[in-house]
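# Structural features, examined
Each chain is listed here by its residues.
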Amino acid sequence: MTSTGGSGREPAGVARAGEAIVTAAVTVALLPLGFLHVSSIGSLDPSTTVISDYVFLPGGYALLGGAAISSAVACVALACGMRRADLPRSRPPAVLFVSAAVGLVLVAVFPTHTPGTTPGLVSTVHRAAGGWVFAVLPLAAWLVARRARSVPAWRPAARPLAVAAAISGVISAVFLLNHVPIVIAGSPFLPHIGALQRVLYAAVMVVLVMTARATRLAAERVHDTAELPATPGLRGAA
């Protein structure tokens, strides 16, 4: 005889593992960046230097590549977990998360150009992939939040995730639009582009962790609902 709760136990367990993977991947992504920031004190100004420029520090290519690959793992884990947690129409946000993972791999493989030199093909791929990642991750989280409103198991996470996605989306738009005057005039509209990028990076990492947590909690609610005993029928009067 099939257990009523058996169908929900596996998705809940997978979602818990998925949240652990995302949290660990985000942590692994942040640690090398923290090391590069500390090791570059006095040589690079984080308020004006973009994160990609750390590639020219000793070990920078490997550390930045590892951070990007780790973030890609988090994106893939999110894409795999949402459908198991019964998010309706989960394919569009899942595709965006996977595309962000591909973009992060490209960011890791293709480094930026040396400051003061003309950008080449490799640097162009790096910039395009990085811009895509910052553009689609807030959008993917916003799509998850929109769909979460229609499902009881997901609904508690809808509002906070929508707020986080909106904040990261606004920061992303400002950061990406700030590159337009760089292409045209050679200088950004906002001088502290490095600081803006770091705020955006932190916001995106928070969105990844929040999405993973929302997925895990939704899977657990689905599991708990599946294990509730059926309501007995009303008995007739004797």
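An account of the accompanying structure is given in this report. (Residues numbered from 1 in each chain as written. Predicted model: local features only at pLDDT ≥ 70, side-chain atom pairs only at ≥ 80, totals over all residues. Heavy atoms only, no water.)

## Re a positive patch on the surface
Quick note on the threshold: The patches reported here contain residues having more than 30% relative accessible area and no salt bridge. Joining distances are 9 Å for like charges and 5 Å for nonpolar side chains (Val, Leu, Ile, Met, Phe, Trp, Tyr). To measure how exposed things are, a 1.4 Å probe is used in the Shrake-Rupley method; for residues, cover is taken only from the protein chains shown. Salt bridges are defined by distance alone: a side-chain nitrogen of Lys or Arg within 4 Å of a carboxyl oxygen of Asp or Glu. Positive charge is attributed to Lys and Arg, negative charge to Asp and Glu, and no charge count is given to His or to the chain ends. All charge positions are set by atom: Lys at NZ, Arg at CZ, Asp at CG, Glu at CD. In this text, helices come from DSSP runs of H or I with a minimum length of four residues, and strands from runs of E with a minimum of two, each type numbered from the N-terminal end.
Taken together, Arg 89, Arg 146, Arg 149 and Arg 159 make up a surface patch of like positive charges. With respect to the helices and strands, Arg 159 occurs in helix 5 (residues 155-177).

## Looking at the packing of helix 3 (residues 91-109) against helix 4 (residues 121-148)
Under the convention used in this document: Working convention: axes come from line fits to C-alpha atoms, limited for helices to the stretch in contact. Angles between N-to-C directions cover 0 to 180 degrees. For classification purposes, an angle smaller than 35 degrees is called roughly parallel, one larger than 145 roughly antiparallel, one from 65 to 115 roughly perpendicular, and anything else oblique. Here a crossing is called left-handed whenever its near helix is offset anticlockwise from the far helix by less than a right angle, and right-handed whenever the offset is clockwise. Residue classes follow a fixed rule: Ala, Val, Leu, Ile, Met, Phe, Trp, Tyr, Cys and Pro count as nonpolar, while Asp, Glu, Lys and Arg count as charged, and any other residue, Gly among them, counts as polar.
In the contact formed by helix 3 and helix 4, the axes pass within 8 Å of each other and the chain directions differ by 160°. Between helix 3 and helix 4, the interaxial angle falls into the category roughly antiparallel. The handedness of the crossing between helix 3 and helix 4 comes out as left-handed. Considered class by class, the residues forming the contact of helix 3 with helix 4 number 18 nonpolar, four polar and one charged.

## Observations concerning the packing of aromatic side chains
Geometrically, a pair of aromatic rings is defined through the distance of the ring centres and the angle of the planes. Put simply, the rule is: Only Phe, Tyr and Trp rings take part, Trp by its six-membered ring, and two of them pair if their centres are within 6.5 Å. Stacked means planes under 30 degrees apart, edge-to-face means over 60, and tilted covers everything else. Here the term buried applies to any residue with accessible area under 20% of the maximum for its type, exposed to any over 50%, and partly exposed to those in between, with areas from a 1.4 Å probe on protein chains only.
Taken as a whole and assessed by the stated rule, the structure comprises one aromatic pair. When the centroid spacing of 5.7 Å and the interplanar angle of 80° are considered together, the rings of Phe 134 and Phe 175 count as edge-to-face. Here Phe 134, found in helix 4, pairs with Phe 175, found in helix 5; they are 41 residues apart in sequence, far enough to count as distant. You'll find Phe 134 and Phe 175 in the same group, each marked buried.

## Some words on the nonpolar core
Across soluble globular proteins, nonpolar side chains have a tendency to be buried as a group. Under the convention used in this document: Remark: nonpolar core denotes a set of buried residues (Ala, Val, Leu, Ile, Met, Phe, Trp, Tyr, Cys) joined through side-chain atoms within 4.5 Å. Any two residues whose heavy atoms approach within 4.5 Å at even a single point are treated as in contact.
Ranked by size, the top nonpolar core spans 67 residues in total, and within it Val 22, Phe 97, Leu 137, Trp 154 and Leu 208 carry the most contacts. At the level of secondary structure, the elements contributing two or more residues to this core comprise helix 1 (6-39), helix 2 (60-84), helix 3, helix 4, helix 5 and helix 7 (193-227). Element by element, the count of residues in this core is highest for helix 7, at 13 residues. Other than its neighbours up to four places away in sequence, Leu 137 contacts Cys 75, Phe 97, Ala 100, Val 204, Val 207 and Leu 208.

## What to know about a nonpolar patch on the surface
A cluster of nonpolar residues, Ile 21, Tyr 61, Ile 69, Val 73, Val 105 and Val 109, forms a patch on the protein surface that exposes about 480 Å² of accessible area. Going through the elements one at a time, helix 2 and helix 3 are the ones with two or more residues in the nonpolar patch. Among the elements that make up the nonpolar patch, the one with the highest residue count is helix 2 (three residues). Inspection of the secondary structure assignment puts Tyr 61 in helix 2.

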